[in-house]
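# Structure assessment
Spelled out from the first residue to the last, the chains are:
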Amino acid sequence: MSNYTNLKLTIDHHIAVLTLNNPPAHTWTKESLASLKQLISDLNANKQVTALVVYGDGEKFFSAGADLNSFASGDKGQAAEMAMAFGEAFEALSNFRGVSIACINGYAMGGGLECALACDIRIAESHAQMALPELSVGLLPCAGGTQNLPWLVGEGWAKRMILCGERQGR
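In what follows, the accompanying structure is described. (Residues numbered from 1 in each chain as written. Predicted model: local features only at pLDDT ≥ 70, side-chain atom pairs only at ≥ 80, totals over all residues. Heavy atoms only, no water.)

## Regarding the nonpolar core
W28, I40, L52, F62, F90 and I104 are the most contacted members of the largest nonpolar core, which has 37 residues in total. Those elements that provide at least two residues to this core are strand 2 (15–20), helix 1 (30–45), strand 3 (51–56), helix 2 (76–94), strand 5 (99–104) and helix 3 (111–117). Here this core gets 7 residues from one element, more than from any other, and that element is helix 2. Those residues in contact with I104 that sit more than four places away from it in its chain are F62, A116, R122, I123, A124, E125, A128 and M130. (Core = buried A, V, L, I, M, F, W, Y, C linked by side-chain atoms within 4.5 Å. Buried < 20%, exposed > 50% of the residue type's maximum accessible area, 1.4 Å probe, protein only. Helix = DSSP H or I, 4+ residues; strand = E, 2+ residues; numbered from the N terminus. Contact = heavy atoms within 4.5 Å.)

## Observations concerning the packing of aromatic side chains
Enumeration according to the criterion identifies 3 aromatic pairs in this entry. Considering the side-chain rings of W28 and F90, the 5.5 Å spacing of their centres and the 80° angle between planes classify their relative orientation as edge-to-face. Taken together, the positions of W28 in the loop between strand 2 and helix 1 and F90 in helix 2 put the pair 62 residues apart, joining distant regions of the chain. Classification of W28 by relative accessible area gives buried; the value is 2%. Taken together, a centroid distance of 5.6 Å and an interplanar angle of 65° make the contact between F86 and F90 edge-to-face. With F86 and F90 both in helix 2, this residue pair falls 4 residues apart, about one helical turn. Through a chain of ring-to-ring contacts, the aromatic side chains of W28, F86 and F90 assemble into a single cluster. (Phe/Tyr/Trp six-rings, centres within 6.5 Å; stacked < 30°, edge-to-face > 60°.)

## Some thoughts on helix 1
Residues that lie three or four places apart on an α-helix share one face, since the helix turns once every 3.6 residues. Taking 1.5 Å per residue, 16 residues should reach 22 Å; helix 1 reaches 23 Å between its end C-alpha atoms and fits that length. Listing the buried residues of helix 1 in full gives S32, L33, S35, L36, L39, I40, D42 and L43. In this structure, the buried residues of helix 1 make contact with strand 1 (7–12), strand 2, strand 3 and helix 2. (Expected span 1.5 Å × (residues − 1).)

Now the structure itself:
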């Protein structure tokens, strides 16, 4: 196994535990998205691993989504690269050959919620908050949120979360 940017991986028998580790809010960068894609490829090659548990280090954040500094320049090309990186990383996660479980242990915003949506099962702690607030910063969910969320919660509630920025608590 490799070193993965802002991600900690431990394997205990058949269970891989992925800890999102980019304090304080476990935001995603281009490098950590590429690392997630590689990590899933490595896990898929390890026939001993049959389950993957994903959670955020600490108690406040699962993941706050994209590191908005990645978009600060306003460069459309850079934004498109990030969108592609998000899509590829979370598509890889959704194609993990075993069972994937997101343990939402705090805020799961934007790309953080999309990461959880890419998992097979989501378990949220009572204080968890989930939202797709991209619209409030001039972006759109680009990593499966617009497809996965309506399938899980229904079209009406998904539209409220995506278009109006409404949050869902557990």
